[in-house]
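Inside the fold
The lines below spell out each chain.
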Amino acid sequence: MPGMKVNNTPTRSLCPAPDARAVDIIDQTALPHAYRILRLSTLADARRAICDMQVRGAPLIGVTAAYGVALALAARSDAASLAEAVATLIATRPTAVNLRWALSRMQTRLAPLPDAERAGAAWREAGLIANEDVAQCRRIGEHGLALLAPLAEGHLSIMTHCNAGWLAAVDYGTALAPIYAAYDAGLAIRVLVSETRPRNQGLLTAWELKQHGVPHALIADNAAGLLLSRHAVDAVIVGADRIAANGDVANKIGTYLKALAAREARIPFYVAAPRSTIDFACASGEAIAIEERDGDELRVVRGQDTLGQPSTVRQLPDDEAVLNPGFDVTPGHLITAIITERGHAAASTAGLRALYPEAGLA
Ligand code: MRU
C-alpha cells in the first residue's frame, strides 16, 4: 500500500530535517481549515507541540517525544541532559503509553553511551522508532483488511471515533489503516466519522479521508447509537491510547458508549494499535490514568468565521463548572478483537499473550 498524501504529495505527519537539528510537523490545531507546517528545533518546542496538541495521537506523541530527546541532546549531550529531556517529555500527557514506551527505549539505548556519541545515536534511534511505526501501521492495515473484507456484502459501512489515522501515527494510521487498505483494494466503503467532542478529532479523520478520496460522512457523537441499532454499520474500528494486559482499552472519550451500542446490536467492534500501545505492566483498565483536560475545551468552540479567519466562540462563562475527562476505558469483553502488526487476537490476557509470547520476559 503506498503511503498517505496531502494534495497528492506523499506526506508523513512528522518529517526530520536533513541536518538532524529539527523536525517538521503538521500543526494539527490548524486543521482542517489550514494546512500549516511547524518546525520543532528544541526540547521546549517538542514539549509545547505535545502539550498543545499540535501533534496528537498515541503513536505520534511517542515519535515526537523520541525526537524531542534527540533535539535536546543536539544542544547538550551529557547524561543529565538526557535525564532532564526524558523527565520533561514524560510529564506532557499521561494516558497514551506510547510516550513512556518511546522515552524508556531512548533512555535505555542512550544512557550507556559516551557523551560524544549520544546525539547521533538519539537521532538514529528516533528515526528507527518512526520507521518501525510506519511498518507496523502498514501491517495493521493488511491484517485489518482480512477481517473487514468478509463483512462486505457489496458495500462496507465502517464507523470510527476520534482520529486514529496517519495524523495520529506517522503514516497509514492504526484504525484507519484497514480502511485505507480496503479502499485501495477496491471495496465499496463508506466511513461514518464521529465528531468526537470536545476536541473534534473526527474533523481530522474527515480531512484525511477526503485527501485519500475515501467516501465518508461526519456524524454527531450522539448519532452513533441510532446508526448502530439500525444496522447502518457493518463494523466499528477505533484506535487505542493504552491497552492493559487483560485487553481493556483506553481510547478517546466516547469510545466506551460506541462499544456498548455495538454489543447490543451485535456489530463487531475492533481496536487497532501497534505493540507500543500495549502496556503489559498495567493489569487492567482500572489502573490507567485518565487525562483530565482543560474545561475551556468545552466552554470555548473553535473554528473559522465567515471571513475565513480562525475564530473562537465562548459558549459558557469561564466560571461555569465543567468536567472534561479525555479518555474512557472499554472492557475487553466488549471488544471483538484487537488488531496489531502481528495479526488479531481476543482482547484478553490469553489473546495478547498469544500475539506477544515474549512480553514480560525481557
Ligand atoms: O487526545 P488525542 O487526540 O491525542 O487522542 C488520542 C487519540 O488520537 C485517540 O484516542 C485515538 O483513537 C488513538 S491514537 C491512534
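Residues numbered from 1 in each chain as written. Predicted model: local features only at pLDDT ≥ 70, side-chain atom pairs only at ≥ 80, totals over all residues. Heavy atoms only, no water.

With respect to the pattern of salt bridges
Formally: A side-chain nitrogen of Lys or Arg and a carboxyl oxygen of Asp or Glu constitute a salt bridge if their distance falls within 4 Å. Secondary structure elements are defined from DSSP: runs of H or I of at least 4 residues count as helices, runs of E of at least 2 residues count as strands, and each element is numbered from the N terminus. Accessible area is worked out with a 1.4 Å probe on protein chains only. A residue is then buried under 20% of its type maximum, exposed over 50%, and partly exposed in between.
Applying the stated criterion to the full structure yields 18 salt bridges. Asp45 is the salt-bridge partner of Arg48, the closest N and O atoms lying 3.4 Å from each other. Here Asp45 and Arg48 lie together in helix α1 (residues 43-51), a separation of three residues that amounts to about one turn. Accessibility expressed as a relative area gives 33% for Arg48, which makes it partly exposed. Asp45 sits in the buried class, given a relative accessible area of 16%. A salt bridge links Glu132 to Arg105; the nearest nitrogen and oxygen atoms lie 2.7 Å apart. You can see Glu132 sitting in helix α5 (residues 115-148) and its partner Arg105 sitting in helix α4 (residues 97-110), a full 27 residues away along the chain.

Concerning the sheet that holds strand β16 (residues 327-330)
Filter applied, for reference: Two strands form a pair only when DSSP identifies at least two bridges running between them.
One open sheet accounts for four strands, arranged β13-β10-β11-β16; its pairing is mixed. Sheet topology places β13 (278-279) and β16 at the edges, where each strand pairs with a single neighbour. Looking at chain direction, strand β10 (residues 242-244) and strand β11 (residues 249-252) are connected through two bridges and run antiparallel. Within β11, the residue paired with Ile243 across the bridge is Val249.

Looking at the side chain of Asp27
Here is the rule: Any pair of N or O atoms that falls within 3.5 Å is considered a polar contact. Within protein, one atom must be able to donate a hydrogen and the other to accept it, and sequence-neighbouring residues count only if both atoms are side-chain atoms. The contact criterion used is simple: two residues touch if any of their non-hydrogen atoms lie within 4.5 Å.
Within the secondary structure, Asp27 is located in the loop between β4 (23-26) and β5 (37-40). There is a polar contact of 2.7 Å between the side chain of Asp27 and the side chain of Arg36. Apart from residues no more than four positions distant in its own chain, Asp27 is found in contact with Arg36, Leu38 and Gln54.

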